[in-house]
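# Results of the structural survey
Each chain is listed here by its residues.
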Amino acid sequence: MADIIGLGLDAVAGGIFGIFGTALGRIAGFFERKQTFEQEQARWGHEIKLHELNMHAQAVETEMELALAAQAGSWAGLSASIIAEASIGPASRWVINTLRLVRPILTLLLWFITAWIFLKTQTPAIAEAAVFAATASTLWWFGDRAPKPDVLSVRK
């Protein structure tokens, strides 16, 4: 009978140690998975930072390309303007001065007409349309004459 009890105790002790070993393996596996997950998170963080740096570099490159394109367009416009001015040929001083006064005179005339429409009309939609047209024309005529901001200094 002692052999049967000893055999039963051995079986129970083996089962307990087996369960204890399984539990220990599971606990070790948990910490191993936790460590692997933390390593993956660190790797993902580095990849995200790399992508952000690449996006920033591409944005800076795009800004520089835009600045170069704007500068090239400005020079092309200036060159075309100088060529057009030179193609007129020699002219008297009063003709040159008259040509330079066309935009300001047209602008003043446009605003006088707009004021007259604003005062005479009974329909607000017509007055609004006249003010819109005068503002758009003025900004279109004189808007490109303002100094251009430096695109690269805006980001700083």
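Scroll up a little and you will see the structure.
These remarks concern the structure in this document. All figures in this text were calculated on a predicted structure; none of them were measured in a lab. (Residues numbered from 1 in each chain as written. Predicted model: local features only at pLDDT ≥ 70, side-chain atom pairs only at ≥ 80, totals over all residues. Heavy atoms only, no water.)

### Quick look at the pattern of salt bridges
Counted under the stated rule, the structure contains 1 salt bridge. In this structure, Arg-43 and Glu-40 form a salt bridge, with 2.7 Å as the shortest nitrogen-oxygen distance. Taken together, the positions of Arg-43 and Glu-40, both in helix H1 (residues 2–88) and 3 residues apart, correspond to about one turn of that helix. (Salt bridge = Lys/Arg side-chain N within 4 Å of Asp/Glu carboxyl O. Helix = DSSP H or I, 4+ residues; strand = E, 2+ residues; numbered from the N terminus.)

### Comments concerning a nonpolar patch on the surface
On the surface, Leu-99, Val-102, Leu-106, Leu-109 and Ile-113 cluster together to form a nonpolar patch covering roughly 430 Å² of accessible area. The leading source of residues in the nonpolar patch is helix H3 (residues 102–120), at 4 residues. Counting through the fold element by element, Ile-113 comes out in helix H3. With a relative accessible area of 42%, Ile-113 lands in the partly exposed category. (Patch = residues over 30% accessible without salt bridge, like charges linked within 9 Å, V, L, I, M, F, W, Y side chains within 5 Å. Areas by Shrake-Rupley, 256 points an atom, 1.4 Å probe, with all protein chains shown as cover. Buried < 20%, exposed > 50% of the residue type's maximum accessible area, 1.4 Å probe, protein only.)

### Observations regarding the packing of aromatic side chains
Describing an aromatic ring pair means giving the distance of the ring centres and the angle of the ring planes. One pass over the structure, following the stated rule, counts 2 aromatic pairs. For the ring pair Phe-30 and Phe-31, a centre distance of 5.4 Å and an interplane angle of 70° mean the geometry is edge-to-face. Judged by centre distance (6.3 Å) and plane angle (85°), the rings of Phe-37 and Trp-44 are edge-to-face. By relative accessible area, which is 45% here, Phe-37 ends up partly exposed. In this structure Trp-44 comes out as partly exposed when scored by relative accessible area, which is 39%. (Phe/Tyr/Trp six-rings, centres within 6.5 Å; stacked < 30°, edge-to-face > 60°.)

By themselves these figures say nothing about function.
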